[in-house]
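Each chain, written out:
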Amino acid sequence: MITVSDKAKEKVSRLMSDAHLDDTYRLRASVAGGGCSGLSYKLDFDNEVRPMDQEFEDKGIRVVVDMKSFLYLAGTELDFSDGLNGKGFQFNNPNASRECGCGESFSV
């Protein structure tokens, strides 16, 4: 499962509202090759669920993940930080053995 912190829920809800997205849209989380640690996180809004997608709902936020990405993201919490040391979404990923300093890429 992928979980969503309260701060991430607030930010996702605000972004969806600002973009005038209806309730057919979900937050799509995925992993792609690249970044300084080998794999990078990707977030987007999507209104299409593909046959092999895994879908979760936490705190009213529906998250969709393709099966390949789910292997890397299982158990991850999506958080949001707006502090002085960095601003943006953060992935608290228990599967990551190493992360880059900015938190946008990782390795397993």
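Everything below is about the structure shown above.
Residues numbered from 1 in each chain as written. Predicted model: local features only at pLDDT ≥ 70, side-chain atom pairs only at ≥ 80, totals over all residues. Heavy atoms only, no water.

**Student:** Describe the packing of aromatic side chains, naming the residues involved and giving the relevant values.
**Tutor:** Across all of its chains, the model carries three aromatic pairs by this definition. Ring centres 5.0 Å apart and planes at 65° place the aromatic pair F80 and F89 in the edge-to-face group. In this structure F89 comes out as partly exposed when scored by relative accessible area, which is 26%. (Phe/Tyr/Trp six-rings, centres within 6.5 Å; stacked < 30°, edge-to-face > 60°. Buried < 20%, exposed > 50% of the residue type's maximum accessible area, 1.4 Å probe, protein only.)

**Student:** I'd like to hear about the pattern of salt bridges, residue by residue, with values.
**Tutor:** Applying the stated criterion across every chain yields a total of seven salt bridges. Of the charged contacts in the structure, one is a salt bridge between D46 and R28, with a shortest N-O distance of 2.7 Å. You can see D46 sitting in strand β3 (residues 39-46) and its partner R28 sitting in strand β2 (residues 26-33), a full 18 residues away along the chain. Each member of the pair, D46 together with R28, is buried. Of the charged contacts in the structure, one is a salt bridge between R50 and E48, with a shortest N-O distance of 3.9 Å. Assessed through its relative accessible area of 44%, E48 is described here as partly exposed. Several salt bridges converge on common partners, so that one network encompasses R28, D46, E48, R50 and D53. (Salt bridge = Lys/Arg side-chain N within 4 Å of Asp/Glu carboxyl O. Helix = DSSP H or I, 4+ residues; strand = E, 2+ residues; numbered from the N terminus.)

**Student:** Before we move on, could you go through the side chain of T76 and cite the residues and values that matter?
**Tutor:** The topology assignment puts T76 in the loop between α2 (67-73) and β6 (77-83). T76 gets classed as buried once you look at its relative accessible area, which sits at 1%. At a separation of 3.3 Å, a polar atom in the side chain of T76 contacts the side chain of N93. Once residues within four sequence positions are removed from consideration, T76 is found in contact with M1, I2, T3, F91, N92, N93 and P94. (Polar contact = N/O pair within 3.5 Å; in protein donor to acceptor, adjacent residues only side chain to side chain. Contact = heavy atoms within 4.5 Å.)

**Student:** Would you mind going over helix α1 (residues 6-18) in detail, with residue names and values included?
**Tutor:** The terminal C-alpha atoms of α1 lie 18 Å apart, and with 13 residues this matches the ideal 18 Å at 1.5 Å per residue to within 8%. Within α1, the full set of buried residues consists of A8, V12 and M16. The buried residues of α1 occupy an angular sector of 65° when the element is viewed end-on, so they sit on one face. More than 90 degrees from the buried face of α1, the exposed residues found are D6 and D18. Backbone geometry just downstream of α1 places H20 in the positive-phi region, at approximately 55°. (Expected span 1.5 Å × (residues − 1). Arc of directions from axis to C-beta.)

**Student:** Can you explain unusual backbone geometry? Please cite residues and give values.
**Tutor:** Of note, the phi angle at H20 is positive, near 55°, even though the residue is not glycine. With respect to the secondary-structure elements, H20 resides in the loop between α1 and β2. Backbone geometry at K59 places phi at a positive 55°, although glycine is not the residue there. Following the sequence through the fold, K59 ends up in the loop between β4 (54-58) and β5 (61-65). For K59, a relative accessible area of 39% puts it in the partly exposed group.

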